[in-house]
Amino acid sequence: MQDWQPTPAQKAQYENQGYFIEHNVISEDLAAQLRGVIRNVLMLPNAGEFADYDPMDPMNDSPQGRIARFRKLANFCVESPLIWHNIHTGPTVLNIARHFLGDDIIVKFNSCFLKPAHTGAATPWHQDNGLWRDGDTESFNIWIPLEPATRENGCMQFIPSSHKTKVVEHVLYSDSIHGEIPRKVVPEMIEKHGVHHIELDTGDAVIWHSNMWHYSPPNPSEKSRIAIAGVLTNPEITKKNKRHFPNAKWAMKNGVVCTQFPPEPIPKWIETNAPFQPFPPAKD
Ligand SMILES: O=C(O)CCC(=O)C(=O)O
């Protein structure tokens, strides 16, 4: 496996702004195959069993309606060998992960983010580790669009340098799809640091620090925006977490890619007696 090093510009951007972009992580051809895998499962009559419980509505229950309805397939990548072997344990992702994390690599979360043409909904402003609530501030995210992500179809927005802030307590509004940063504090951060629109081509990747404040708007355009995401970590970080994540899987052990499928779960290093606290209701 080749050694991957960030360019000086990528390194500086990650340190100063909390993210960087790597181009051509997967080919257009592979991206087309992966889009097919994802759309195929969305068309199943039981697509809702794979998707997160935050469907967009109102959509009828036709195959095309199902494609238009779902926002996220959480944990689906460990059910699709084509995705798992090419993305989460694919050479470029693991090379990048190895640079940050060393020779033992764990995929803590995996998901496919779906922003269908016309119906694609917003993802609220959040920090990933504000959702995890496990004390982890060292993992990082990778997100690879399988079709161009543009301002028109709801590309992600980052507040540069927001990764240097603490983890904010996330809250729930009556219309929240998941925990989010209190809405009143977001404009102040934007005022201070601005917003970067993360426009990417098919097969590019954006890598960000898990403290980063990020968001994506709805997709009113004609063009769908599907992406595959992963959170990568290692055993040292994981053993310090406050809870065990049952979906976490091994991707590399001692520098050797884990080729097992289904992927191997990590050991239960942490006892999870502490109850998982719900997000508090928003006060503003
Ligand atoms: O795909 C999106 O728009 C949101 C992705 C995201 O928030 C994440 O991966 O944490």
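Everything below is about the structure shown above.
Residues numbered from 1 in each chain as written. Predicted model: local features only at pLDDT ≥ 70, side-chain atom pairs only at ≥ 80, totals over all residues. Heavy atoms only, no water.

A.B. asks: Mind showing me how you'd approach the pairing of strand β10 (residues 225–233) here?
C.D. replies: For a regular strand, side chains alternate in direction, first toward one face of the sheet and then toward the other. Among the nine residues of β10, nine are classified as buried, and the element is accordingly described as predominantly covered. On β10, burial covers both faces: R225, A227, A229, V231 and T233 on one face and I226, I228, G230 and L232 on the other are all buried. Pairing of strand β3 (residues 105–115) with β10 involves nine bridges; the strand directions are antiparallel. Bridge pairing in β10 places F109 opposite V231. (Buried < 20%, exposed > 50% of the residue type's maximum accessible area, 1.4 Å probe, protein only. Helix = DSSP H or I, 4+ residues; strand = E, 2+ residues; numbered from the N terminus. Pairing = 2+ DSSP bridges.)

A.B. asks: What is the right way to read unusual backbone geometry from this model?
C.D. replies: Apart from glycine, the bulk of residues carry a negative phi angle, and the bulk of peptide bonds sit in the trans form. A cis amide bond links F261 to the next residue, P262, at an omega of 0 degrees. Inspection of the secondary structure assignment puts P262 in the segment after β12 (256–257). Here N75, not a glycine, exhibits a phi torsion of approximately 65 degrees, which is positive. Within the secondary structure layout, N75 lies in the loop between β2 (72–74) and α4 (81–88). With a relative accessible area of 19%, N75 lands in the buried category. One non-glycine residue with positive phi stands out, namely H118, at about 70 degrees. Mapped onto the fold, H118 is located in the loop between β3 and β4 (123–126).

A.B. asks: Even after reading the chapter, I still don't get the nonpolar core, so can you show me in this structure?
C.D. replies: Across soluble globular proteins, nonpolar side chains show a tendency to be buried alongside one another. Core analysis: the largest hydrophobic core is formed by 43 residues, its most contacted members being I26, I38, L73, I83, C112, I228 and L232. The set of elements that each furnish at least two residues to this core consists of α2 (28–42), α4, α5 (91–101), β3, β5 (140–145), β8 (205–209), β10 and β11 (249–253). Tallying contributions element by element places α2 first for this core, with six residues. Residues contacting L73, with those up to four places away along its chain left out, are I38, V41, L42, F50, A51, N110, S111, C112 and L114. W143, C155, I198 and M212 belong to the second-largest nonpolar core, a separate cluster that totals 14 residues. (Core = buried A, V, L, I, M, F, W, Y, C linked by side-chain atoms within 4.5 Å. Contact = heavy atoms within 4.5 Å.)

A.B. asks: I'm lost on the packing of aromatic side chains in this one. Help?
C.D. replies: Any pair of aromatic rings gets described here by the distance separating the centres and the angle formed by the planes. Counted under the stated rule, the structure contains twelve aromatic pairs. Counting every residue linked through ring pairs, the aromatic cluster contains W4, Y14, F20, F100 and F140. Between R183 and the ring centre of Y173, over which it is positioned, the NZ or CZ distance is 3.9 Å. (Phe/Tyr/Trp six-rings, centres within 6.5 Å; stacked < 30°, edge-to-face > 60°. Lys NZ or Arg CZ within 6 Å of the ring centre and 35° of its normal.)

A.B. asks: Whenever I open this one, the site of the ligand confuses me. Can you help?
C.D. replies: Taken together, F113, K115, T123, H126, D128, W143, M156, W208, H214, S216 and R225 form the complete shell of residues around the ligand. R225 places a polar side-chain atom, nitrogen or oxygen, 2.7 Å from an oxygen atom of the ligand. Surface burial for the ligand is 96%, taken as the share of its 300 Å² of free accessible area covered by protein chains. The set of elements that each furnish at least two residues to the shell around the ligand consists of β3, β4 and β9 (214–216). Within the shell around the ligand, the residues separate by chemical class into four nonpolar, four polar and three charged. (Near = heavy atom within 4 Å. Polar contact = N/O pair within 3.5 Å; in protein donor to acceptor, adjacent residues only side chain to side chain. Areas by Shrake-Rupley, 256 points an atom, 1.4 Å probe, with all protein chains shown as cover. Nonpolar A, V, L, I, M, F, W, Y, C, P; charged D, E, K, R; others polar.)

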